[in-house]
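An overview of the molecular structure
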Amino acid sequence: MSRKVCVIGIGHTDFNSMTPDMQWKEIMYEACQKSYVDAGVDPRKDIDSFITCAEDYWEGFSIFDEFVPDQIGAVLRPCCTVCGDGIYGLGNAYMQIKTGIVDVVAVEAHSKASDMLTYGDIVLFAYDPIFERPISGPVERPNYAGSPSYSKERPKPLVGSTDEKERIHPYFLAGLEMQHYLRKTNTTEEQCASVVVKNKKNAFNNPYADYEAKISVDDVMSSEYLFKPIKRLDISPNVDGAVSFVLADEKTAKNLGVELIYLSGFGWSSETPWLSTRGMDAAYATKAAKMAYKMAGILQPRKEIDIAEVDDRFSYKELQHLEAMGLARPGEAAQMLEEGVLDVKGSFPTNTSGGSLGVGNSLEATGLQKSLEIVTQLRGYAGKRQVPGAEIGIAQAWRGIPSGSGAVAIFKRG
Amino acid sequence: MTEKKEQKESYPKYAPGTHVHDKDIYERKITYTWWEPEVQYSWSLGPAMSRFLQELKAGKIIGIKCNRCRRVIVPPRMFCEYCYGPTSDWVYLKDTGTVETFSLSYLDADARRIEEPILIGVISIDGASPKHGFMHYFGEMKPEELKIGMKVKAVWKPENEREGSITDIKYFKPFRGGEE
Ligand SMILES: [Zn+2]
C-alpha cells in the first residue's frame, strides 16, 4: 500500500455554452489527446486502464459505457464508466493504481449539455417518482421543434397537481436549501451575491471560462427571483466541455520526468435520498473531506491547504461547502468572502478558475474542472490568476440537484 | 428421509399467481404511479457524421482515410480508434458491398409475429477496408437467396425524399456484375 499516486497529465477543451460544430465524441477526443500529450504517453500502449464518468440521461444513450472506447483510446483495453461526477473517477484511478494491478490510468468526464432539449425534465427524472415528482409536476418549457404534441385524445400527462401555475422547476430544491442556510448562519442574500461577483471576475483570467462578467452585487440582487431566495444570477448556467486526467504511480511518473503532483487524499460520501430526512448542511462534503484529510495526513485543513476549488453551482453552495469541509467556521464563510480572504490575492483563494458560476456548470465534468484548476495552480501555470507558491490544494464537487453526494480530492506538489 | 419427503411436499414447485388484466389497471384496482418523461436530445454530429449524412442526401457514400493504419473507414470519423491519430483524406466509395452477416427477423419492433421476415444484416462497402460498412435492410430478394458473402447494391430513395439519414438508402438488393 506504499505506492503513491501522481497526476501526470491534464487536458481540456474550451468551455462553451454550446458547441454545434463538435460531436460529443470529438470533445472527449480533444481533451484526452491533450492530456496524453501532456503526460507523454501513448494511450494505445502506455495507459493500462481507462475510466469515463458519465450519466446516461445527460448523454441520451442507454449503457453509455459502450460508446466511449474509441475516443479515449481504449478499444480492446480495460475500460469502465463511473456513473457520477468526474472527481469519482480520480478516486477509482487512485484505488486501481494502489492495488498494483495497473500503473497508468486515464480519467475523462465531459458535458454536452447543449445536446439536451429538455434539461429541466431530465433533472426532474432524478426525483423520487412516488413522493417528489408528483409534487413538482411536469416542467413547463418552450415548445421546441420535435416536441411531442398533445391533443384531446392524447392529453399531456399530469400526475398530482393539475394546475399549470403550481408546476415547479426541479431547481426549487436549491431554494429550500439556501433558505435554510441563510437562516442558520445569518448569511445574507447580498453576501451570496458577492460569491457570484468574485467568481465571474476570476473567470476573466481563465481562458477556457465562458461566463466571465464584470457585475456588481446590485446586478445579482436585481436579477429576478427564480426560487426565492435564489435569483437568476445565483445559478451557474450550463456549459459544454471535456476534461481528462492521466494518473500514474510515483515510479512511472518519475521515469516519465513529469512534474510530480500527488493525489494525496481522497474521500467521498452520500446522504439518504429522503429530502425531508437528510440534512441541509452538505454533510456529504463534511464526511468526504474528513476522509480525504485523514488520508493526506492533514490535521489543520485551513492552515495547511493553500487553495480550494469547491462546488459553487449555486452561489450559496460555495459558502456552505467551505463551512461543511471545515475550511471556515459555521457562518464564517461570508465574512471571509467580505474580507477578501477568498480572493485570488487573499489568504485562502477559492474558485480561482471562476468556479461553475464563471466557467459554467459542466455537469459530470465539474469535479475534474475543479481538480484541473488545482493541478494547474500547483504546477504554476495559472497565468494571471496564479496563486504564488501554492503547495497543497483541495477540489470538491457535489453531484448536483437533487443529489446529496460529493467527493473531495487533495493534491500536493512534489 | 421422511423429513426430506415432507419438505418436498410442503413446497410445491409451481404456485399459480393472480393474473392482472389491463382492465384492473384502467379501473385503478392496482396501485401504481405513472410518469411520462420528456427527455429530448438534439445531438450535434460534428464534421465527419455531418458530411457522411450530407453525402447520403446526395446519393453518395463517403469514407475517410487513416494514413497511419492505411485504412479506409466508413462511416467516417474524425479520429482513428486503432492508432488514436486524426483521420485525413475523404474518399468516395461505391454503393455496392458484401453481406458480412444477416438475420431474418420474424418479429416486428412490437414483438408481434410477422408472416414475411424482415431481412437485416451488415454490409461491407466496396472501396473501404474489409469489415467497414454499416447495418441495413435487404430487399428485392427471397429470404432463402440471402447469403453471407453475397454482393449487394444500395437502392436509394428518390432525391426529393432524401433527408440526410441512413434511411436515404431504402435497402440493399442483389448485385449482379455489370449492372449499374
Ligand atoms: Zn489509424
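Residues numbered from 1 in each chain as written. Chains lettered and ligands numbered in written order. Predicted model: local features only at pLDDT ≥ 70, side-chain atom pairs only at ≥ 80, totals over all residues. Heavy atoms only, no water.

1. A closer look at the coordination of the zinc ion
Ideal donor angles around a metal are set by the shape: a four-donor tetrahedron calls for 109.5 degrees, a six-donor octahedron for 90 or 180 degrees. All names here are of chain B. Binding of the zinc ion to the protein goes through C66 (SG), C69 (SG), C80 (SG) and C83 (SG), at separations of 2.3 to 2.4 Å. Geometry at the zinc ion is tetrahedral, judged from its 4 donor atoms and the angles of 100 to 117° they form at the metal. All donors of the zinc ion belong to a single chain; written as a sequence motif, their spacing is C-x2-C-x10-C-x2-C. Remark: C83 occurs in the loop between β2 (71-73) and β3 (90-93) and C66 occurs in strand β1 (residues 61-66); sequence separation between them is 17 residues. For the pair formed by C66 and C83, the shared burial category is buried. (Donors = N, O, S within 2.8 Å, 3.2 Å for Na, K, Ca; no water. Tetrahedral: all angles 85-135°; square planar, octahedral: opposite > 155°, others 65-115°. Helix = DSSP H or I, 4+ residues; strand = E, 2+ residues; numbered from the N terminus. Buried < 20%, exposed > 50% of the residue type's maximum accessible area, 1.4 Å probe, protein only.)

2. Quick word on the sheet that holds β1(B)
Residue and element names in this part refer to chain B. Spatially, the 3 strands line up as an open sheet ordered β2-β1-β3, and their pairing is antiparallel. Both outer strands of the open sheet, β2 and β3, are each paired with one neighbouring strand and no more. In this sheet, adjacent strand axes meet at a mean angle of 40° when their direction is disregarded. Examined bridge by bridge, β1 and β2 share 3 bridges and lie antiparallel to one another. Paired with C66 across the two strands is R71, which belongs to β2. (Pairing = 2+ DSSP bridges. Axes fitted to C-alpha atoms, helices over the stretch in contact; angles between N-to-C directions.)

3. Let's talk about the packing of helix α4 (residues 86-99) of chain A against helix α16 (residues 366-379) of chain A
Residue and element names in this part refer to chain A. Two numbers describe how α4 lies on α16: the axes approach to 5 Å, and their chain directions differ by 70°. Classified by the interaxial angle, the pair formed by α4 and α16 is roughly perpendicular. Contact with α4, carried on its side by G86, I87 and L90, involves G367, L368 and S371 of α16 and no other residues of that element. (Parallel < 35°, antiparallel > 145°, perpendicular 65-115°, else oblique. Contact = heavy atoms within 4.5 Å.)

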